[in-house]
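Here are the chains, one letter per residue:
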Amino acid sequence: MYAVEELSNLLCPWCIAAGSAVAKYDAHVIGDPIGDDVPLEVVMSVDACTPGFSSWQDPQWFFHCGHGAAFLGAVGMAELATFPDALQALRSEVSAWGWSAEAMESCLGALDKDSQHTGHLFMCRTCGRHMAYADFT
């Protein structure tokens, strides 16, 4: 959770889920929303009532089918092999950076769930589609 005040040991999951932690500390959980156009109130609800996760860059949150996706955790290339839809989304993301196919595959091949070069995996709660993005220093 991002706030001006240091929030270590001040938050409980129930306060986050109820939205009271965000209101009390003027905090935010999610970073940039990614995906479908969704109503602002849906984005605000996810931001106010969803526990966040650590990331190297600003955290991003996927939206799909008009709702916030479920965060499944950090992933590396080994884990992504079982989620071809998420891997394809990552290839599209990295391809948009203008890298060569070789550089793109090298970048994706270096993803490790326990490293500085990782991916974050999400799943649409409506249709089950998996999505991921690359995060590194």
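Predicted model, so just to flag it, every value in this text is computed and none were measured.

## What about the pairing of strand β6 (residues 130–136)?
Along β6, six of the seven residues are buried, which leaves the element largely enclosed by surrounding structure. Pairing geometry for strand β5 (residues 117–123) and β6, over seven bridges, is antiparallel. Across the sheet, the residue bridging to Met123 is His130, located in β6. Between β5 and β6, which follow one another and run antiparallel, lie six residues, and Gly128 among them has a positive phi close to 85 degrees.

## Focus on helix α5 (residues 84–95)
Between its first and last C-alpha atoms α5 spans 16 Å; for twelve residues at 1.5 Å apiece the expected length is 16 Å, and the two agree. Structurally, α5 contributes buried residues whose contacts are with α4 (77–80), α6 (101–109), β5 and β6.

## Observations regarding the pattern of salt bridges
Pairing between side chains of opposite charge can happen when their charged atoms approach one another. Considering all chains together, one arrives at one salt bridge under this definition. Here Glu105 and Arg91 are joined by a salt bridge, their closest N and O atoms 2.7 Å apart. With Glu105 in helix α6 and Arg91 in helix α5, the pair connects residues that are 14 residues apart, well separated along the chain. Overall, the relative accessible area of 25% leaves Arg91 in the partly exposed class.

## Some thoughts on the side chain of Thr118
With respect to the helices and strands, the residue Thr118 is situated in strand β5. Engagement of the side chain of Thr118 in a polar contact is seen with the backbone oxygen of Val75, the distance being 3.3 Å. Residues in contact with Thr118, not counting those within four places in the same chain, are Trp56, Ala74, Val75, Leu111, Asp112, Lys113, Tyr133, Ala134 and Asp135.

Conventions we followed
Residues numbered from 1 in each chain as written. Predicted model: local features only at pLDDT ≥ 70, side-chain atom pairs only at ≥ 80, totals over all residues. Heavy atoms only, no water. Buried < 20%, exposed > 50% of the residue type's maximum accessible area, 1.4 Å probe, protein only. Helix = DSSP H or I, 4+ residues; strand = E, 2+ residues; numbered from the N terminus. Pairing = 2+ DSSP bridges. Expected span 1.5 Å × (residues − 1). Contact = heavy atoms within 4.5 Å. Salt bridge = Lys/Arg side-chain N within 4 Å of Asp/Glu carboxyl O. Polar contact = N/O pair within 3.5 Å; in protein donor to acceptor, adjacent residues only side chain to side chain.

Functional significance is not addressed by these values, which are geometric in nature.
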